[in-house]
Amino acid sequence: MDGTLTRPNLDFKAMYQRCGVCTSKDLILEIEAMPAEERRRAWEIVDEMEEHAAQTAELMDGVVPLAQFLSSKSIPMAL
């Protein structure tokens, strides 16, 4: 969900905050450097927020007509 087909809806600032990581740092590297229990909890937060974003994702305008057009021309698509 990079904003190409869906509207961006993942709040990275909140994700950093909930994981206890400064936004100027690399989230993944910081999580991996955490003690085991803290790391486990941080990954749970990331998973929870990503799942919520996936469940509430909305398509960008024009995605459905584009997919229909590509399909009508037998142009392969991959997501």
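Scoring rules and cut-offs
- Residues numbered from 1 in each chain as written.
- Predicted model: local features only at pLDDT ≥ 70, side-chain atom pairs only at ≥ 80, totals over all residues.
- Heavy atoms only, no water.
- Buried < 20%, exposed > 50% of the residue type's maximum accessible area, 1.4 Å probe, protein only.
- Helix = DSSP H or I, 4+ residues; strand = E, 2+ residues; numbered from the N terminus.
- Contact = heavy atoms within 4.5 Å.
- Polar contact = N/O pair within 3.5 Å; in protein donor to acceptor, adjacent residues only side chain to side chain.
- Core = buried A, V, L, I, M, F, W, Y, C linked by side-chain atoms within 4.5 Å.
- Axes fitted to C-alpha atoms, helices over the stretch in contact; angles between N-to-C directions.
- Parallel < 35°, antiparallel > 145°, perpendicular 65-115°, else oblique.
- Left-handed = near helix turned anticlockwise from the far one by under 90°.
- Nonpolar A, V, L, I, M, F, W, Y, C, P; charged D, E, K, R; others polar.
- Patch = residues over 30% accessible without salt bridge, like charges linked within 9 Å, V, L, I, M, F, W, Y side chains within 5 Å.
- Areas by Shrake-Rupley, 256 points an atom, 1.4 Å probe, with all protein chains shown as cover.
- Salt bridge = Lys/Arg side-chain N within 4 Å of Asp/Glu carboxyl O.

A.B. asks: Summarise helix H1 (residues 12-19); cite the residues concerned and give the values.
C.D. replies: Taken together, the buried positions of H1 are occupied by Ala14, Met15, Tyr16 and Cys19. On the buried face of H1, the contacting elements are helix H2 (27-32) and helix H3 (36-55). With a side-chain oxygen positioned 3.3 Å from the backbone nitrogen of Lys13, the residue opening H1 is Asp11.

A.B. asks: Tell me what's going on with the nonpolar core, and back it up with residues and numbers.
C.D. replies: If you look at the biggest cluster of nonpolar residues, it comprises twelve residues: Ala14, Met15, Tyr16, Cys19, Val21, Leu27, Ile31, Met34, Ala42, Ile45, Val46 and Met49. Of all elements in the fold, only H1, H2 and H3 reach the threshold of two or more residues within this core. The residues touching Tyr16, leaving out its near neighbours within four places in the chain, are Val21, Cys22, Thr23, Lys25, Asp26 and Leu27.

A.B. asks: Which residues make up the packing of H1 against H3, and what values do they have?
C.D. replies: Contact geometry for H1 and H3: axes closest at 9 Å, N-to-C directions at 155°. It follows from the interaxial angle that H1 and H3 lie roughly antiparallel. The hand of the H1/H3 crossing is right-handed. Judged by residue contacts, Ala14, Met15, Arg18 and Cys19 of H1 engage Arg41, Ala42, Ile45, Val46, Glu48, Met49 and Glu50 from H3. For the contact of H1 with H3, the residue count by class is seven nonpolar, no polar and four charged.

A.B. asks: Tell me what's going on with a nonpolar patch on the surface, and back it up with residues and numbers.
C.D. replies: A cluster of nonpolar side chains, Leu5, Leu59, Val64 and Leu79, forms an exposed patch at the surface whose accessible area comes to about 430 Å². Mapped onto the fold, Leu79 is located in the segment after helix H4 (63-72).

A.B. asks: Outline unusual backbone geometry, listing residues and values.
C.D. replies: Here the phi dihedral of Ser74 falls at roughly 55°; this positive angle occurs in a residue that is not glycine. Inspection of the secondary structure puts Ser74 in the segment after H4. Judged by relative accessible area, Ser74 falls into the exposed class, the value being 63%.

A.B. asks: An account of the pattern of salt bridges is needed here, citing residue identities and associated values.
C.D. replies: Taken as a whole, this structure holds five salt bridges when the rule is applied. Here Arg18 makes a salt bridge to Glu48, at a shortest N to O gap of 3.0 Å. A residue pair is termed long-range when its members are at least 10 positions apart, and Arg18 in helix H1 and Glu48 in helix H3 qualify at 30 residues. Residue classification places Glu48 among the partly exposed residues on the basis of a relative accessible area of 41%. In this structure, Glu44 engages Arg41 in a salt bridge whose closest nitrogen and oxygen atoms are separated by 3.1 Å. One end of the pair, Glu44, and the other, Arg41, are both in helix H3, three residues apart, so they sit about a helical turn from each other. Owing to a relative accessible area of 32%, Glu44 belongs among the partly exposed residues under this scheme.

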